[in-house]
Amino acid sequence: MKIYKYLILAIVVSLTACQNSSDEKSSENNNEEATAESQELPDLSIYHLPSEWTTQNNENITLEHLKGDVLAVVMIYTSCKAACPRLVADMRNIQKKVSDEKNKNVKYVFVSIDPETDTPKRLKSFAKENEMDSDQWVFLRGTEEDTREFAAILAVSYKQISPVDFSHSNIISVFDQEGVLKYQKEGLGEDDSETIQKIEDLSNS
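Fair warning: this is a prediction, and the values are worked out from it, not measured in the lab.

Procedures and definitions
Residues numbered from 1 in each chain as written. Predicted model: local features only at pLDDT ≥ 70, side-chain atom pairs only at ≥ 80, totals over all residues. Heavy atoms only, no water. Helix = DSSP H or I, 4+ residues; strand = E, 2+ residues; numbered from the N terminus. Buried < 20%, exposed > 50% of the residue type's maximum accessible area, 1.4 Å probe, protein only. Contact = heavy atoms within 4.5 Å. Areas by Shrake-Rupley, 256 points an atom, 1.4 Å probe, with all protein chains shown as cover. 1 Å grid on protein atoms, 1.4 Å probe; cavity = no way out; pocket = protein on both sides within 12 Å on 5 of 7 lines; lining within 4 Å. Points joined across faces, edges and corners; volume = space filled by probe spheres on them. Nonpolar A, V, L, I, M, F, W, Y, C, P; charged D, E, K, R; others polar. Core = buried A, V, L, I, M, F, W, Y, C linked by side-chain atoms within 4.5 Å.

> Describe the overall build of the protein chain, and please don't skip the residues or the numbers.
Broken down by element type, the protein chain carries six helices and nine strands. Within the protein chain, the proportion of its 205 residues that are buried is 43%. Taking all contacts inside the protein chain whose residues are at least 6 apart in sequence as the whole, residues at least 24 apart take part in 66%. Taken as a whole, the protein chain presents about 12000 Å² of accessible surface, with 49% of it coming from carbon and sulfur.

> I'd like a description of empty space enclosed by the protein, backed by residues and values.
Which parts of space are left empty comes out when a probe the size of a water molecule is rolled across the atoms. Applying the stated rule across the entire model yields one cavity of 30 Å³ or more. By volume, the largest cavity is sized at about 40 Å³. Lining the largest cavity are Ile 46, Leu 63, Leu 66, Leu 71, Val 73, Val 109, Val 111, Leu 140 and Phe 150. Residue composition of the lining of the largest cavity, grouped by class: nine nonpolar, no polar and no charged.

> Can you lay out the nonpolar core for me, pointing to particular residues and giving the numbers?
If you look at the biggest cluster of nonpolar residues, it comprises 53 residues, and the most contacted ones within it are Tyr 108, Phe 110, Phe 150 and Ile 199. Every element with two or more residues in this core is listed here: strand 3 (70-76), helix 2 (83-97), strand 4 (106-112), helix 4 (120-129), strand 5 (137-141), helix 5 (144-154), strand 8 (171-175) and helix 6 (193-204). The element best represented in this core is strand 3, accounting for seven residues.

Geometric descriptors of this kind do not, in isolation, establish any biological role.
Written out as C-alpha cells, the structure is:
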C-alpha cells in the first residue's frame with residue numbers, strides 16, 4: 001500500500017514540475033514579446049536616443065520615459081529676458097486652447113540650452129513662477145553634448161553671446177506618441193491654430 005502511495009506522489013510531483021516548466025516558458029515568451037514591442041519604434045523616433053535628462057523634480061529619465069504622449073517641445077533658458085518669456089507664453093496659450101480631453105494625452109516640454117545655470121532647483125522654481133507646476137509640464141536639463149544633439153534634431157540653433165545670454169531659434173516642435181517629429185512652428189506670437197489642430201489630431205491617434 002505504501003508503494004502505491006509513493007508512486008502516486010511521484011506522479012503528482014512530476015506533473016507539477018511539468019506545469020511549472022510550461023508556465024515558466026509561457027512567462028518567458030510573454031516577456032520576450034513585451035521587449036520586442038518596446039523595441040519596435042520608428043527609425044526617426046527620438047526615443048532611440050540614449051541620452052539621460054534630469055527633470056525639474058530632480059528625476060533622471062531618458063526621453064523614452066515620455067513615450068505614449070503627444071509632445072509639444074521648445075528649447076529655452078530660464079534667465080532669458082527677451083524671446084523665452086514669449087515662447088513660454090505661446091506654450092501656455094496653446095495648452096489652454098487644446099481641449100481638456102485631448103490635453104490628457106499631451107506633455108509640454110521645455111529643454112534648457114543652459115544646463116549649467118538651469119539646475120533642477122532653478123527649473124522647479126521657474127515652473128512654479130510660470131504656473132506650470134503640474135505633471136503636464138516637463139522641464140529637462142541634460143549635458144551640453146546631449147543638449148546639442150537634441151537641438152540638432154529639432155533644427156534649433158543657439159549660441160552663447162555673453163556669460164548670461166544666448167541667441168537661439170524660436171521653434172515649437174510637435175511629436176507623436178512614438179517620438180516622431182510631425183510639425184514645427186517658428187516665430188513668436190504667431191497664429192497657433194495650426195499647432196493646436198496638429199496636437200489635437202495626434203492625440204486622437
